[in-house]
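Each chain, written out:
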Amino acid sequence: MAGLATTFGSGAMTNSIADLGQAACILAIGTNTTEAHPVIALQLKQMARRGGKLIVANPHWIELCRHATMWLRQRPGSDVALIGGMMRVIVDEGLADSNFIQERCENFDALRESLAAFSLERVSQITGLPQEQIREAARLYATSSSAAIVYAMGITQSSHGTDNVQALADLAMLTGNIGKPGSGVNPLRGHNNVQGSCDMGCLPNVFTGYQSVADGGIRERFEAAWGVSLNPKPGLTLGEIFDAAHDGTVKAIYLVGENPVITDPNAAHIEEALKRLEFLVVQDIFLSETARLAHVVLPAASFAEKEGTFTNTERRVQRVRQAISPVGNSRPDWWITVQLAMRLGAQGFSYEHPAEIMDEIARLTASYGGMAYHRLENGGLQWPCPSPNHPGTSILHREAFTRGKGHFVPVEYRGSLEQPDEEYPLILNTGRMLYHFHSSTLTRRVKGLRELHSEERVEINPQDAVSLGIADGDLVKVTSRRGAVTVRAKVAEGTPPGSLFMTFHFPDTVTNLLTQPGRDPVSKIPELKFCAVRVAKVA
């Protein structure tokens, strides 16, 4: 989300979920919305059914394509080229919103100069799309009365994810599709409280509300509130932490609610890094594959066993209410943290209820300044909500951007880090399915979901299957430069020629043994959506 944060202030949806259904046009790119965000997908379908225009940009055929006005099947990893080509058409044909650009943006000349490299001939060569299709998509998006962009991890989990996101921000500003109903740039978060975790400073360079740790004035406020001295140096990102554990720099990890030996790239490296630690603590509601490696496991309570809040993908802070008592020795996460801190001799952790923690969040975080439990009883509030009487904000950037003027960033296309070659001729893409979630620590325990989908499959295009002598249901071996897995094949037209698709839900088939650890240089997000592999039938 780093690219979006550069322009808009945070990696959050600029608009609301319900607002998507009112758009005149939606560009859904890098998102399999019906599988990963099925409730939000209903809004996109509703928009299409009432006559709105839906542009789906995805190398794979997805269920949303049934409702699409246009399906752009660009080559994997070519998103920046596609977006750059669309912007080139919009500028060349005079479809840009010149008033919005003049009044609310800066650095447009630099963007326009960079678009010289995105002739439709070159863009077509990179993306594999016909020039006329790119031109039609650009016109459709630019001439709609309101146009929204929705994207997910197909955009961000890339070695050029920041470029992807910034190009989308450029596209929205270029057409004036920011700060009004039915518009915006809307990242769909991968978990129910990812937005809340980021808001609360679970990033290595910020405090709550995206306040920089390097800013002396901000740091002084937190130091005064907490009575401690705070380090001005940003910490390590997730991937950097595991690299440091592997080389011995990091000696101990306290890991909460994650299962990285299943979900993170180059999983063998992750597991080896964890085994090298002097001390590993895992806090989770189940004994996950990662928890089995821990020296200490702290049993946490599920959402139904605790009080608190979640902040969802539209920035809506909602109450979580305890329905049952914690099972066994499990305890709420906040209580575990408080007890650890107090037993280590820390001051300022004498909370009796999470409502008190929310009050402290409001004191130190402007965007949450008007939040309190009694105000969240009837559907929650969307930040920014800076004061006790503020109604919350459904649409960001109505009058101005967080930074003042929206800053256009020149566009440059870079290929993915690991390209197919003679030894590894296919591209592996990973994603999710409707019936399981993430490492499926919870969903694989549900009998009905196991009956619907009980094992991993690798999807392969019929052309590739024929050339490799693979039939539907055959046992095959998928190999990358980092590892290999054995899995049954699913021959499917939805996967493009030259590509494979797998989920990462099943611990019996650890798909992330294959994926490569290369990262975006700015966000440090790994390139989970693109690695080179080969596949062969198992005798």
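Bear in mind the structure is a predicted one, so any value in this text is a computation, not a measurement.

1. What to know about the overall build of the protein chain
Now for step 1: Scanning the protein chain from N- to C-terminus turns up 20 helices and 19 strands.
Now for step 2: For the protein chain, the C-alpha radius of gyration of 24 Å lies close to 24 Å, the compact-globule estimate for 539 residues.
Now for step 3: Seen through its C-alpha atoms, the protein chain measures out along the principal axes to roughly 65 × 65 × 45 Å.
Now for step 4: In the protein chain, of all internal contacts separated by at least 6 residues, the share reaching a separation of at least 24 is 69%.
Now for step 5: On the protein chain, roughly 23,100 Å² of surface is accessible, and the fraction owed to carbon and sulfur atoms is 52%.

2. Details of the packing of aromatic side chains
Now for step 1: Applying the stated rule across the entire model yields seven aromatic pairs.
Now for step 2: Seen from their ring centres, Phe100 and Phe401 are 6.3 Å apart, and the 85° between their planes marks the pair as edge-to-face. In this pair, Phe100 is assigned in helix H6 (residues 98-104) and Phe401 in the loop between strand E12 (381-382) and strand E13 (406-407), connecting sequence segments 301 residues apart.
Now for step 3: The exposure class assigned to Phe100 is buried, which follows from its relative accessible area of 9%.

3. Concerning the pattern of salt bridges
Now for step 1: One pass over the structure, following the stated rule, counts 23 salt bridges.
Now for step 2: The partner of Arg112 in a salt bridge is Asp109, and the shortest N-O contact between them spans 2.6 Å. Within this pair, Arg112 and its partner Asp109 are both found in helix H7 (residues 108-114), separated by three residues, close to a single helical turn.
Now for step 3: A relative accessible area of 44% means that Asp109 is categorised as partly exposed.
Now for step 4: The residue Arg139 makes a salt bridge to Glu132 at a minimum N-O spacing of 3.8 Å.
Now for step 5: Judged by its relative accessible area of 33%, Arg139 falls in the partly exposed class.
Now for step 6: Since its relative accessible area comes to 43%, Glu132 is described here as partly exposed.

4. What about the packing of helix H8 (residues 120-127) against helix H9 (residues 131-143)?
Now for step 1: At a minimum axis separation of 9 Å, H8 and H9 run at an interaxial angle of 105°. Relative to H9, H8 is oriented roughly perpendicular. Residue-level inspection shows Leu120, Glu121, Val123, Ser124 and Thr127 of H8 in contact with H9, the latter providing Gln131, Ile134 and Arg135.
Now for step 2: Across the contact of H8 with H9, the residue classes tally to three nonpolar, three polar and two charged.

5. Structural notes on the sheet that holds strand E8 (residues 279-284)
Two modes of strand pairing occur in sheets, parallel and antiparallel, and in both the strands are linked by backbone hydrogen bonds.
Now for step 1: The three strands are arranged E7-E8-E9 in an open sheet whose pairing can be described as parallel. Of all strands in the sheet, those with a lone pairing partner are strand E7 (252-256) and strand E9 (296-299), marking the two edges. Each strand of the sheet is rotated relative to its neighbour by a mean of 10°, with strand direction disregarded.
Now for step 2: Pairing analysis gives five bridges linking E7 to E8, with the strands arranged parallel. Looking at E8, one finds that Leu255 is bridged to Val282.

Conventions we followed
Residues numbered from 1 in each chain as written. Predicted model: local features only at pLDDT ≥ 70, side-chain atom pairs only at ≥ 80, totals over all residues. Heavy atoms only, no water. Helix = DSSP H or I, 4+ residues; strand = E, 2+ residues; numbered from the N terminus. Rg over C-alpha atoms; globule rule 2.2 N^0.38 Å. Contact = heavy atoms within 4.5 Å. Areas by Shrake-Rupley, 256 points an atom, 1.4 Å probe, with all protein chains shown as cover. Phe/Tyr/Trp six-rings, centres within 6.5 Å; stacked < 30°, edge-to-face > 60°. Buried < 20%, exposed > 50% of the residue type's maximum accessible area, 1.4 Å probe, protein only. Salt bridge = Lys/Arg side-chain N within 4 Å of Asp/Glu carboxyl O. Axes fitted to C-alpha atoms, helices over the stretch in contact; angles between N-to-C directions. Parallel < 35°, antiparallel > 145°, perpendicular 65-115°, else oblique. Nonpolar A, V, L, I, M, F, W, Y, C, P; charged D, E, K, R; others polar. Pairing = 2+ DSSP bridges.

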